[in-house]
Amino acid sequence: MTEAARVPCVGVVVLDDQGRLLVVRRARPPSAGRWSVPGGRVEPGEALEAAAVREAHEETGLDVRLAGVVGLVELPGLDDQVYVVTDFAATVVGSEVPAPGDDADEVRWVTRDALVALPTSPGLLETLDRWQVWP
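Quick caveat, the model's predicted, so the values are computed rather than measured.

Student: Describe the overall build of the chain, listing the residues and the values that go with them.
Tutor: The number of helices and strands found in the chain is three helices and seven strands. Walking the chain from its N terminus toward its C terminus, one meets helices and strands in the order β-β-β-β-α-β-β-β-α-α. The C-alpha atoms of the chain give a radius of gyration of 14 Å, which matches the 14 Å a tight globule of 135 residues would have. By principal-axis analysis of the C-alpha atoms, the chain measures approximately 50 × 35 × 25 Å. By residue count, 44% of the 135 residues in the chain fall in the buried class.

Here you go:
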């Protein structure tokens, strides 16, 4: 039995001044068609923080400022991979009008109640609640 490849990834938990969370609908596997926070794989040689800022911009068109690590999760990836995801808290710098790009079909600001009604990536809501990200 082979050991799963561990792939470093990042997620970005962005709240606006109204306490709404920035979410994207994933365009590709895993979790294609499901809503999640912006994020993705860390490129070789890239710092986690740089990857988080890059992924947020690529998927939402927004520039963000990181405020620290919120938590870490391990998620099943494609094939025999395990995604080791470091999630960062962030705020938007400049315009708060998102536009989908890269791996995102759609992007929007949602309240916790609105997120409950959406099909999300596995464990997203429970993880955000456990990390107490909501105002």
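There's plenty left to go through after this.
Student: Explain helix α1 (residues 48-60) residue by residue, including any values.
Tutor: Helix length check: α1 (13 residues) gives 18 Å between terminal C-alpha atoms against 18 Å at 1.5 Å per residue, within 8%. For α1, the elements touching its buried residues are β1 (5-14), β2 (21-26), β4 (39-41), β5 (63-76), β6 (81-93) and β7 (104-110). Looking at the residues trailing α1, positive phi occurs at G61, about 75 degrees.

Student: Which residues make up the pattern of salt bridges, and what values do they have?
Tutor: Scanning the entire structure with this criterion turns up eleven salt bridges. Between R28 and D103 there is a salt bridge, and its shortest N-O distance comes to 2.3 Å. Remark: D103 occurs in the loop between β6 and β7 and R28 occurs in the loop between β2 and β3 (35-36); sequence separation between them is 75 residues. Taking relative accessible area as the criterion, R28 reaches 48% and is therefore assigned partly exposed. We note a salt bridge from E55 to R54, for which the minimum N-O separation is 3.1 Å. Here E55 matches R54 in class, with each residue buried.

Student: Could you give an account of the environment of W35, naming the residues involved and the relevant values?
Tutor: In this structure, W35 sits in strand β3. Of the residues examined, W35 reaches a relative accessible area of 2% and is grouped as buried. Separated by 43 residues in the primary sequence, W35 and L78 have C-alpha atoms spaced 18 Å apart. If we ignore the near neighbours within four places in the chain, the residues touching W35 are V23, V24, R25, E106, V107, R108, L118, P119, T120, S121 and L124.

Quick notes on the rules
Residues numbered from 1 in each chain as written. Predicted model: local features only at pLDDT ≥ 70, side-chain atom pairs only at ≥ 80, totals over all residues. Heavy atoms only, no water. Helix = DSSP H or I, 4+ residues; strand = E, 2+ residues; numbered from the N terminus. Rg over C-alpha atoms; globule rule 2.2 N^0.38 Å. Buried < 20%, exposed > 50% of the residue type's maximum accessible area, 1.4 Å probe, protein only. Expected span 1.5 Å × (residues − 1). Contact = heavy atoms within 4.5 Å. Salt bridge = Lys/Arg side-chain N within 4 Å of Asp/Glu carboxyl O.

Bear in mind that shape data such as this cannot, by itself, settle questions of function.
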